[in-house]
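Architecture at a glance
So the chains spell out like this:
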Amino acid sequence: MFNLKKKNLIHTISPIVTVIMVAIVGVTIFQLINFPMPWMLGSLFGVLFTQLLWKLPMKWPVVMRNIGLLIVGTAIGQLFTFDILVAMQDTLLFMLLLNIVLSACCLALAYALQKWAHIPLATALTASIPGGLSQLVVFAEEQEDIDVAVVTFFHVIRVLFVVGLIPIIVSLTGKVPETIETGSTNLLHNGLLILLGFILLPVGKKLKLPVPHFLTPVIIGLLLSLLKVEIALIDSNLLHIAQLCIGAYIGLLLHPKSLRLPKRVLIGGISSAVLLLIITFFIAEGMVLLFEMDFATSYLSTAPGGMDQMGLIATALQADATQVTLFQLFRMLFIYIIILPLLKWRLLKR
């Protein structure tokens, strides 16, 4: 009985240890070649290529990703102040127009995919919406007329392209904000704050916050700021752990079996991700001129990635993480309050 339990334990832990080892190797290589964001991109691409090239048993529990989200949410929550929220009222109209334009582009893209890749329109629409990966896959699973495999592939590919390419694009443009060191770090203080976010997580879930592991500590940080509570900055080593946890998780999203879809669907997924990156690149350049914000912040604010992933990249690239989070949060709410109900209404009408 003991030996059986020991074997089961080894069988459970071994794939996780493999991911950790591969991720650390990837981080080390990316650090040696001075690649941007080595802790996230090194672990992401290390795990991704290992999974696609070798049939090693690899597993990364969702709880590890959630730990990373709690750390990132805590780091960004420290930056939020009431003044920032008040200042955002000047960009509310722009955020609304931005999301209308992006939605129109995605609608046109969906119609093009329907014709060229022979994808049903409902599937093409769900695959083209730049929302959260997990939420849109769940939405697809709830509808009878939507191909979940296609939707999953499109969103996984877009996440990989956005997370993998945007730090490189920003670095190549030479428009990375200068590192600003302010305040001091305190690991015990940081740990207690992260623990507080974990304890209050059920409240965030009860309020049905999108990505509760990320937004709950962000809101806690805002409330503490309003109460004038002094908060120590998150230690850089904790942010490295968060980047590795999230990078490894994203790297495992693209399963080899997902590449067995029809060739036109595969090309369509890659093309749509690249096209959205190009569209948001030019919108970001316009935002630099309109609002005098740095390019890293504007690009991460408009990029078709998840709020949590863009927030993490913003903290790593020293962009304005609060601005990025608010823009991404507004888009997520726009999608869930307006776009998805309209899509569901159209499906029910058929």
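Look a little higher up for the structure.
Summary of the structure given here. Numbers given for residues are sequential positions, taken from 1 along each chain in its written order. Per-residue local features of the predicted model are confined to residues with pLDDT of at least 70, and side-chain atom pairs are confined, for both listing and counting, to 80 or more; whole-chain, interface and lining totals are unaffected and use all residues. The basis for every side-chain value is the complete set of heavy atoms in the structure, and neither hydrogens nor water enter the calculation.

A word on the overall build of the protein chain
Helix and strand counts for the protein chain stand at 16 helices and zero strands. We compute the radius of gyration from the C-alpha atoms alone; for a globule the expected value is 2.2 Å times N to the 0.38, where N is the number of residues. Since a compact globule built from 350 residues should have a radius of gyration of about 20 Å, the 20 Å found for the protein chain is in line with a globular shape. For the C-alpha atoms alone, the extent of the protein chain along its principal axes is close to 65 × 55 × 45 Å. The buried label applies to any residue whose accessible area, calculated with a 1.4 Å probe on protein chains only, is under 20% of its type's maximum; exposed applies above 50%, and partly exposed to all values in between. Sorting the 350 residues of the protein chain into buried and exposed places 51% on the buried side. Per element, the accessible surface of the protein chain, about 17,500 Å² overall, is 69% carbon and sulfur. In DSSP terms, a helix is any run of H or I states spanning at least four residues, a strand is any run of E spanning at least two, and both are numbered starting from the N terminus. What sets the accessible areas is the Shrake-Rupley method with a 1.4 Å probe; for residues, cover comes only from the shown protein chains.

Describing the nonpolar core
Residues belong to one nonpolar core when they are buried, are Ala, Val, Leu, Ile, Met, Phe, Trp, Tyr or Cys, and are joined through side-chain atoms within 4.5 Å. Trp-60, Val-163, Ile-166, Ile-250 and Met-310 are the most contacted members of the largest nonpolar core, which totals 104 residues. Looking at this core, the element that brings in the most residues is helix α8 (residues 148-172), giving 12 residues. It only takes one pair of heavy atoms within 4.5 Å for two residues to be counted as in contact. If we ignore the near neighbours within four places in the chain, the residues touching Ile-250 are Met-40, Leu-44, Val-159, Leu-160, Val-163 and Gln-309.

Here we look at the packing of α8 against helix α13 (residues 263-291)
It is the contact of α8 with α13, at a shortest axis distance of 9 Å, that shows an interaxial angle of 40°. Of the possible angle classes, the one that applies to α8 and α13 is oblique. Crossing hand, α8 versus α13: right-handed. The segment α8 lies against α13, with Val-150, Phe-153, Phe-154, Ile-157, Arg-158, Phe-161, Val-162, Leu-165, Ile-166 and Ile-169 engaging Val-265, Leu-266, Gly-268, Gly-269, Ile-270, Ser-272, Ala-273, Val-274, Leu-276, Leu-277 and Phe-281. For helices, the fitted axis covers only the stretch in contact; all axes are lines through C-alpha atoms, and the angles between them, taken along N-to-C directions, range from 0 to 180 degrees. Here roughly perpendicular refers to angles of 65 to 115 degrees, roughly parallel to angles under 35, roughly antiparallel to angles over 145, and oblique to all remaining angles. With the far helix as reference, a near helix turned anticlockwise by less than a right angle produces a left-handed crossing, and one turned clockwise produces a right-handed crossing.

Some remarks on a nonpolar patch on the surface
Residues Leu-188, Leu-192, Leu-195, Leu-196, Phe-198, Ile-199, Leu-200, Val-203 and Leu-207 make up a contiguous nonpolar surface patch of roughly 870 Å² in combined accessible area. Sort the elements by how many residues they give to the nonpolar patch and helix α9 (residues 187-199) lands first, with six residues. When you line up the elements, Phe-198 lands in helix α9. Residue classification places Phe-198 among the exposed residues on the basis of a relative accessible area of 51%. Patch definition: residues above 30% relative accessible area lacking any salt bridge, with like charges linked at up to 9 Å and the nonpolar side chains Val, Leu, Ile, Met, Phe, Trp and Tyr linked at up to 5 Å. The rule for a salt bridge is simple: a side-chain nitrogen of Lys or Arg has to be within 4 Å of a carboxyl oxygen of Asp or Glu.

Re helix α11 (residues 212-226)
Along its 15 residues, α11 runs 21 Å from first to last C-alpha, staying within 8% of the 21 Å computed at 1.5 Å per residue. Burial within α11 is extensive, with 12 of its 15 residues counted as buried. Every buried residue of α11 is accounted for by Pro-212, His-213, Phe-214, Leu-215, Thr-216, Pro-217, Val-218, Ile-220, Gly-221, Leu-222, Leu-224 and Ser-225. Positive backbone phi, at 65°, marks Lys-228, one or two positions downstream of α11. By definition here, a helix of n residues has an expected span of 1.5 Å times n minus one.

What to know about the environment of Ser-128
Following the sequence through the fold, Ser-128 ends up in helix α6 (residues 121-128). In the structure, Ser-128 is positioned 26 residues away from Phe-154 in sequence and 7.5 Å away in space, judged by C-alpha atoms. Residues contacting Ser-128, with those up to four places away along its chain left out, are Cys-106, Leu-109, Ala-110, Leu-113, Arg-158 and Leu-276.

What to know about helix α5 (residues 92-116)
Look at α5: 36 Å from first C-alpha to last across 25 residues, which is about the 36 Å you get at 1.5 Å a residue. Inspection of α5 places Phe-94, Met-95, Leu-98, Asn-99, Leu-102, Cys-106, Leu-109, Ala-110 and Leu-113 among the buried residues, and these make up the whole buried set. Downstream of α5 by a residue or two, His-118 has a phi angle that is positive, lying close to 55°.

Details of the side chain of Gln-243
In this structure, Gln-243 sits in helix α12 (residues 236-251). In this structure Gln-243 touches Met-37, Trp-39, Met-40, Ser-43, Leu-312 and Ala-316, once residues within four positions along its chain are discounted.

Considerations on the environment of Met-287
Locating Met-287 in the fold gives a position in helix α13. Accessibility expressed as a relative area gives 0% for Met-287, which makes it buried. For the pair Met-287 and Thr-315, spaced 28 residues apart in sequence, the C-alpha to C-alpha distance is 20 Å. Aside from chain neighbours lying at most four places away, what touches Met-287 is Phe-94, Glu-292, Met-293, Ser-298, Ser-301, Thr-302 and Phe-327.

Side note on unusual backbone geometry
In this model, His-118 sits at a positive phi of 55°, which is unusual for a non-glycine residue. Relative to the helices and strands, His-118 is located in the loop between α5 and α6. Judged by relative accessible area, His-118 falls into the exposed class, the value being 61%. Despite not being glycine, Gln-318 has its phi angle at roughly 65°, a positive value. Relative to the assigned elements, Gln-318 resides in the loop between α15 (307-316) and α16 (321-349). By relative accessible area, Gln-318 is classed as partly exposed at 32%.

Purely geometric stuff here, so don't read any function into it on its own.
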